[in-house]
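Below are the chains, spelled out letter by letter.
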There are 2 protein chains.
Amino acid sequence: MKQKNIRKLTIKDVAEIAKVSKGTVSRVLNKKPGVGDKTRKTIETIIKKLNYSPNLIAQNLASKKTGNIGVIIPHQAEYYLSNPYWPVLLSVITKAAATVGYTILLSTALKEGDIDSAYEFIIKGKRVDGIIAGSELLGEKQLSILYHYNVPFVLIGKSPFVNEYYVDIENRRAMEVLTTHLAVQGFRRILFICGPETFPSVKERVSGFYDALEKASGSTGIVCHTSYDKPEVKEIIQNQKENGFLPDALVVGASDLVLCTLMILRELNMNIPGDIGFASFDTLHMYEYFKPRITAIKQPIKELTKSAFEMLFALIAGKHLIKKSKILPCTLEIGESCREKEIRTIEIETKT
Amino acid sequence: MKQKNIRKLTIKDVAEIAKVSKGTVSRVLNKKPGVGDKTRKTIETIIKKLNYSPNLIAQNLASKKTGNIGVIIPHQAEYYLSNPYWPVLLSVITKAAATVGYTILLSTALKEGDIDSAYEFIIKGKRVDGIIAGSELLGEKQLSILYHYNVPFVLIGKSPFVNEYYVDIENRRAMEVLTTHLAVQGFRRILFICGPETFPSVKERVSGFYDALEKASGSTGIVCHTSYDKPEVKEIIQNQKENGFLPDALVVGASDLVLCTLMILRELNMNIPGDIGFASFDTLHMYEYFKPRITAIKQPIKELTKSAFEMLFALIAGKHLIKKSKILPCTLEIGESCREKEIRTIEIETKT
DNA sequence: ATGAAAGCGCTAACAC
DNA sequence: GTGTTAGCGCTTTCAT
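Remember, predicted model here, so these are calculated numbers, not experimental data.

Novice: Tell me about the packing of helix α9 (residues 171–184) of chain A against helix α10 (residues 200–215) of chain A, and please be specific about residues and values.
Specialist: How two helices sit against one another is set out by the angle between their axes and by the gap between those axes. Residue and element names in this part refer to chain A. Contact geometry for α9 and α10: axes closest at 7 Å, N-to-C directions at 40°. The orientation of α9 with respect to α10, classified from their angle, is oblique. The handedness of the crossing between α9 and α10 is right-handed. Seen from α9, the contacting residues are Asn-171, Arg-172, Met-175, Glu-176, Thr-179 and Thr-180; seen from α10, they are Ser-201, Glu-204, Arg-205, Ser-207, Gly-208, Phe-209, Asp-211, Ala-212, Leu-213 and Lys-215.

Shown next as structure tokens:
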């Protein structure tokens with residue numbers, strides 16, 4: 001079975017066997033017109049019989065297309081794999097890309113914060129025809145790299161530096177709806193634990209939080225930013241406790257903080273929702289196994305990703321896009337963790 | 001800031017500016033000898049000033065090396081991302097590869113079971129210098145593809161069809177130790193829910209399971225194979241229950257079945273470890289938040305991956321390997337889910 | 001130490 | 001409809 005040193009077949013071999021020129025073989029390879037039916041058939045048969053497949057590298061070099069699209073995840077693997085957002089994005093985009101003959105080249109931060117390497121890796125040496133990147137750590141420097149290399153890109157999430165070619169959710173609106181729900185449920189002192197205030201998404205969510213509280217008289221809120229660092233959550237909650245300042249509801253704004261927060265609450269002997277209400281921005285797969293079921297905002301990650309890919313695909317094809325961005329609505333998944341009896345899902349209408 | 005249509009720099013541009021030949025520039029690019037110190041400096045300066053980086057595609061074509069190593073995960077993304085094994089492997093290998101200038105090209109089944117596409121995708125068009133592949137679905141067909149294209153590869157997990165170049169854990173031994181632990185803890189009727197019996201790892205574990213039971217007089221066991229399908233677990237447990245046949249301990253042999261199994265137990269109002277003992281082969285990150293802490297076998301995924309990469313790296317370099325496989329030991333993480341009081345970790349010594 | 005030139009395997013423009 | 005030819009941007013002999 002073991003076959004060593006088969007000199008790899010080239011288009012030239014196929015051409016010689018078929019007694020045609022390389023050009024003709026190339027045409028049938030790429031399903032291009034200009035080949036007689038019979039010739040085409042013959043060549044196809046030979047290709048199949050030989051089990052020949054063209055050298056992609058050579059194709060890339062000659063055609064100046066790579067068939068790769070780069071996905072830049074601005075986090076290190078340990079981190080981004082621990083929450084559901086990026087894995088879902090990855091799997092959706094891989095499939096979407098495959099159906100149109102594209103391949104995903106993934107680039108991530110090798111260590112958290114080292115986002116430059118991710119950009120350089122994928123852009124230098126031009127191995128991709130276009131890029132999809134998470135916007136949360138996109139700074140002017142990264143942007144200038146993108147522009148410098150003149151590669152089409154679409155961002156996941158808006159960025160203060162870019163106003164075209166991105167997809168996003170209505171962070172502000174979603175957080176407003178969630179907060180209002182908490183207020184309606186009777187929670188009066190809501191603690192919102194969220195990510196770094198430099199992230200646009202976090203800013204919007206905080207703004208939605210305050211907007212809701214303003215409208216809902218009677219409830220007040222506190223915002224605590226974390227760098228997605230677990231010990232911090234513990235400190236925050238303990239600080240609040242020591243000050244006799246304990247909130248009656250908690251909103252966790254990053255799904256990877258949910259589990260440790262729940263554990264901390266258990267250590268503090270606080271029951272959900274009896275002693276404290278609990279909700280999160282973003283869901284976890286395992287929520288379906290939780291009791292009480294956690295109330296949460298669910299992002300349309302799949303749709304977001306599909307939209308991003310479609311935009312990029314059009315950009316690569318050189319099409320002019322009328323809609324340079326796309327904003328998708330979230331849903332509010334109501335569980336029992338905020339004293340609701342009935343589990344249900346509410347579509348949050350898009351901002352008018 | 002937006003710069004359009006910068007014709008991309010080529011090695012020729014650099015050569016002209018430096019007033020040397022392309023060959024010389026190529027030599028400094030690849031840090032090869034045969035260039036005068038001064039010339040080298042000059043060229044390096046120019047490269048930096050121009051922010052030039054060579055076209056990888058062209059480099060690949062000319063040098064017949066890709067700098068990519070292919071990772072074949074024989075599952076679809078939804079599946080492999082839901083348990084910790086593959087993500088960890090992925091992140092470890094990406095880093096290991098990066099430190100020696102290699103890049104990972106990931107290929108997965110587009111739909112569960114469609115493993116051929118994964119193989120063809122990565123091998124055809126020769127985009128990789130070597131391959132690391134999960135062995136559990138490797139059949140003769142895939143193997144013949146591997147050999148046909150004459151690409152070096154290392155398997156994660158042994159395969160009945162291959163006896164060289166793989167890394168693995170001692171599945172049999174680990175399961176034996178876990179089962180013995182259960183027997184010692186006084187469990188008498190142990191149900192082992194595991195994956196398809198065609199997987200070599202599953203076979204070994206089942207064998208270890210029975211071996212342990214044989215030695216531990218008094219305890220009996222039942223094995224149920226699943227296709228990693230959630231509803232099945234429910235059926236299995238319900239069947240057992242209807243037959244008045246309920247086990248007093250459960251071992252789940254796939255981490256992605258753990259959560260739903262736990263939920264089912266809760267639905268049945270069975271407490272761990274009071275009503276039923278519970279253990280799993282493979283751990284989950286979230287175990288650290290669980291109470292009772294789940295007893296489990298922990299695989300050395302990181303070390304496994306590193307070993308696999310090192311082997312492949314050597315193979316690609318054309319080195320002759322003395323050790324054609326590597327077997328690593330697991331650990332038994334004892335929690336409270338099998339009526340142990342004290343949480344601790346036990347290294348399982350490698351088979352002598 | 002450096003340059004010249006011949007490919008790597010393919011595509012694409014232009015002939016016929 | 002098909003063949004011819006000139007590259008794509010680089011590496012790598014082989015001269016010098």
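Novice: Could you give an account of the protein's contact with DNA strand D, naming the residues involved and the relevant values?
Specialist: Looking at DNA strand D, there are 27 residues lining it, with Gly-36 and Thr-39 of chain A together with Ile-11, Lys-32 and Tyr-52 of chain B nearest. In DNA strand D, the atoms that sit within 4 Å of the protein are 63% sugar and phosphate, with bases accounting for the remainder. At 2.3 Å, a backbone N or O of Gly-36 of chain A approaches a phosphate oxygen of DNA strand D. One of the side-chain N or O atoms of Lys-32 of chain B is found 2.5 Å from a phosphate oxygen in DNA strand D. Taken together, the elements giving at least two residues each to the surface near DNA strand D come down to α2 (22–29) and α4 (56–63) of chain A together with α2 (22–29) and α4 (56–63) of chain B. For the surface near DNA strand D, the leading source of residues is α2 of chain B, giving four residues.

Novice: Give a description of the protein's contact with DNA strand C that names residues and reports values.
Specialist: Ile-11, Lys-32 and Tyr-52 of chain A together with Gly-36 and Thr-39 of chain B are the nearest of the 26 residues found near DNA strand C. When atoms of DNA strand C within 4 Å of the protein are split into backbone and base, the sugar-phosphate part holds 67%. Within the contact set of DNA strand C, a base nitrogen lies 2.7 Å away from a side-chain nitrogen or oxygen of Lys-22 of chain A. Within the side chain of Ser-26 of chain A, a nitrogen or oxygen atom sits 2.6 Å from a phosphate oxygen of DNA strand C. Secondary structure elements with two or more residues in the surface near DNA strand C: α2 and α4 of chain A together with α2 and α4 of chain B. Per element, the largest residue contribution to the surface near DNA strand C is four residues, and it comes from α4 of chain A. Across the surface near DNA strand C, the residue classes tally to nine nonpolar, 12 polar and five charged.

Novice: Break down the domain arrangement of chain A for me, with residues and values.
Specialist: Residues and elements named next belong to chain A. Per the domain assignment, the segments of chain A are domain 1 (11–54), domain 2 (68–169 + 302–328) and domain 3 (171–299 + 331–347). Taking only C-alpha atoms, the centre of domain 2 and the centre of domain 3 are 29 Å apart. Buried surface at the junction of domain 2 and domain 3, summed over both partners, amounts to about 1000 Å²; 62% is from carbon and sulfur atoms. On the domain 2 side of the interface with domain 3, the three residues burying the most area are Tyr-79, Pro-84 and Ile-169, jointly 45% of the side's total. Here domain 2 is connected to domain 3 by one salt bridge. The partner of Glu-204 in a salt bridge is Lys-158, and the shortest N-O contact between them spans 3.1 Å. There are two residue pairs in polar contact (both at pLDDT 80 or more) connecting domain 2 and domain 3. A breakdown of the residues in the side of domain 2 that touches domain 3 according to their chemical character gives seven nonpolar, two polar and three charged.

What counts, and where the lines are drawn
- Residues numbered from 1 in each chain as written.
- Chains lettered and ligands numbered in written order.
- Predicted model: local features only at pLDDT ≥ 70, side-chain atom pairs only at ≥ 80, totals over all residues.
- Heavy atoms only, no water.
- Axes fitted to C-alpha atoms, helices over the stretch in contact; angles between N-to-C directions.
- Helix = DSSP H or I, 4+ residues; strand = E, 2+ residues; numbered from the N terminus.
- Parallel < 35°, antiparallel > 145°, perpendicular 65-115°, else oblique.
- Left-handed = near helix turned anticlockwise from the far one by under 90°.
- Contact = heavy atoms within 4.5 Å.
- Near = heavy atom within 4 Å.
- Polar contact = N/O pair within 3.5 Å; in protein donor to acceptor, adjacent residues only side chain to side chain.
- Nonpolar A, V, L, I, M, F, W, Y, C, P; charged D, E, K, R; others polar.
- Domains from an automatic or database assignment.
- Buried area = accessible area lost by both parts, 1.4 Å probe.
- Salt bridge = Lys/Arg side-chain N within 4 Å of Asp/Glu carboxyl O.

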